[in-house]
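# Understanding the architecture of this molecule
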Amino acid sequence: MVVNKPRLQVLLNDVSAYGRAFLEDDESARSALVTQARALLAELENPNETITWLAWAEPTRRAALEIAIAIGLFPQLTSPRTASQLSMTCKTSSRLMERLLRHLVATSVIVKSGPSSFAATPLSRALCDPTCSAALTWSSGLPAPVLARLPAYLAESRYREPQDPSKGPFQFAFNTDMTPWQWAATQKGLPQAFSQHMSGYHAERPSWMDEGFYPVRTRLGDGMKSRDNEVLIVDVGGGLGHDLEELKTKCPGLAAKGRLVLQELRQTARSAKMSRPWLEVIEHDFFKPQPIKNARTYYMHSVLHDWSDENCKRILRQLKAAMEPSYSKILINENVVPETGASWKMTSLDWIMMATGASAERTETQWRELITSVGLRVEGIWTKDPSCESLIEVTRDEVARL
Ligand SMILES: C[S@@+](CC[C@H](N)C(=O)[O-])C[C@H]1O[C@@H](n2cnc3c(N)ncnc32)[C@H](O)[C@@H]1O
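Residues numbered from 1 in each chain as written. Predicted model: local features only at pLDDT ≥ 70, side-chain atom pairs only at ≥ 80, totals over all residues. Heavy atoms only, no water.

As recorded by an unreviewed UniProt entry, the chain carries the name S-adenosyl-L-methionine-dependent methyltransferase and is attributed to Stereocaulon virgatum.

Put into structure tokens, the structure is as follows:
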């Protein structure tokens with residue numbers, strides 16, 4: 001195999017430098033180290049190794065992980081266990097357990113801790129948390145089968161970007177007329193898996209409510225009216241309400257200034273009320289007229305990326321009609337894809353959006369075009385880490401422009 005030695009040398013130097021910084025407690029060096037270590041692996045592996053990993057290891061590891069989650073294997077590894085102990089507690093045949101453990105060790109999900117015992121890793125420990133494992137349940141239930149059919153869909157559509165969310169790759173893959181949300185609601189456990197996945201996904205990412213991201217207290221709190229029943233924030237399509245809970249925890253003074261309202265489709269609204277009884281939950285379809293008028297803030301987190309431009313305009317127009325000019329704000333918490341150097345997380349999500357909703361992650365230019373096309377104004381875009389979601393603040397002028 002021909003290795004590009006000068007490039008290899010650069011990568012080795014980077015890995016060594018970031019590795020040293022990380023060992024000296026520079027936590028910020030960790031993500032650079034991961035990026036460069038991945039690049040090093042890509043440079044070093046021969047194509048056959050990479051292809052075999054893609055074709056064999058990825059799908060089989062994925063299947064093994066889901067089986068391990070379903071049988072409750074990982075919570076058993078709080079201390080080292082043998083294969084026969086595990087097959088008894090997880091109620092599998094001993095042969096199947098041996099093969100499962102062997103593959104999970106070979107693909108670094110768990111480790112061998114002795115001649116016949118197995119132990120946890122940070123990954124297997126994380127997968128004991130349902131908000132982490134739900135990512136796999138959700139992905140297998142909806143995006144993965146659609147992505148498997150995406151090549152056939154695009155071949156049939158002569159390689160045109162999917163535009164029509166009612167006749168996109170999702171409907172093609174599942175042979176249905178429903179939207180992904182309607183369809184998911186008919187699948188046992190899938191809406192819950194999705195909501196849990198969303199909670200886990202957002203947990204370790206920079207949040208606009210953290211110090212140094214977006215000046216929450218001044219931009220929302222200053223100038224807020226003290227009317228009866230004033231609404232501080234409506235979390236539109238807010239899932240189970242983890243963002244409202246975060247606001248209450250991180251900005252208690254601001255949260256006390258007005259009502260915090262969650263709006264969701266029926267099933268998720270019910271689950272939200274059950275999981276956070278203190279929440280004010282309203283069942284609402286965001287394509288219909290917004291029932292809460294003149295709120296200080298209408299907030300949408302990872303909502304618009306699910307929808308095509310035309311549907312986003314319908315959603316935004318409903319909010320615009322409810323907004324008090326020069327007072328209400330819309331906060332859009334979404335990825336703003338950099339024109340160059342987009343992270344694999346953003347490009348992957350972009351493809352998931354293409355497959356599931358005929359929609360997309362948007363660049364700054366695309367966000368601005370979308371928002372101004374319905375006569376709203378972009379007041380600013382706040383970004384902490386270009387590989388994570390930004391916060392876009394949107395207002396409505398006194399005299400609506402469109
Ligand atoms: C990607 S999730 C984001 C959830 C939440 N904002 C978060 O960040 O975790 C999109 C949410 O939109 C909700 N949704 C989809 N269609 C909707 C509609 N027509 N009206 C209201 N909510 C809807 C879904 O139930 C889902 O919870």
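### Section: the side chain of His 301
With respect to the element layout, His 301 can be found in strand S7 (residues 297-301). Overall, the relative accessible area of 10% leaves His 301 in the buried class. Here the side chain of His 301 touches Asn 333 through a polar contact of 3.2 Å, side chain to side chain. In this structure His 301 touches His 202, Asp 243, Asn 333 and Glu 389, once residues within four positions along its chain are discounted. (Helix = DSSP H or I, 4+ residues; strand = E, 2+ residues; numbered from the N terminus. Buried < 20%, exposed > 50% of the residue type's maximum accessible area, 1.4 Å probe, protein only. Polar contact = N/O pair within 3.5 Å; in protein donor to acceptor, adjacent residues only side chain to side chain. Contact = heavy atoms within 4.5 Å.)

### Considerations on the environment of Leu 11
Mapped onto the fold, Leu 11 is located in helix H1 (residues 5-23). Note on Leu 11: relative accessible area 1%, which makes it buried. The spacing of Leu 11 and Thr 89 is 78 residues in sequence and 45 Å in space, taken between C-alpha atoms. Discounting residues that sit within four places of it in the chain, Leu 11 has contacts with Gln 36, Ala 39, Leu 40 and Glu 43.

### Focus: helix H8 (residues 143-156)
In an α-helix, one full turn covers 3.6 residues, which means residues spaced three or four apart are oriented alike. For H8, built from 14 residues, the straight-helix expectation of 20 Å at 1.5 Å per residue is met to within 8% by its first-to-last C-alpha distance of 19 Å. Along its length, H8 shows its largest kink, about 45°, at Arg 149, and proline Pro 151 lies within four residues downstream of that point. Looking only at H8, the buried set comprises Pro 143, Val 146, Leu 150, Tyr 153 and Leu 154. Buried positions along H8 lie against helix H7 (130-141), helix H9 (169-174) and helix H17 (344-357). Residue Arg 158 follows H8 closely and has a positive phi angle near 55°. (Expected span 1.5 Å × (residues − 1). Bend = angle between axes of the 7 residues up to and from the residue.)

### Some details on the site of the ligand
The ligand sits among 19 residues. The nearest are Gly 237, His 242, Glu 264, Asp 285 and His 301. Within the backbone of Gly 237, one N or O atom sits 2.8 Å away from a nitrogen atom of the ligand. Here an oxygen atom of the ligand sits 2.8 Å away from a polar atom, N or O, in the side chain of His 242. Contact with the protein chains removes 96% of the 590 Å² of surface that the ligand exposes when unbound. For the shell around the ligand, the element with the most residues is helix H11 (residues 190-203), which contributes three residues. (Near = heavy atom within 4 Å. Areas by Shrake-Rupley, 256 points an atom, 1.4 Å probe, with all protein chains shown as cover.)

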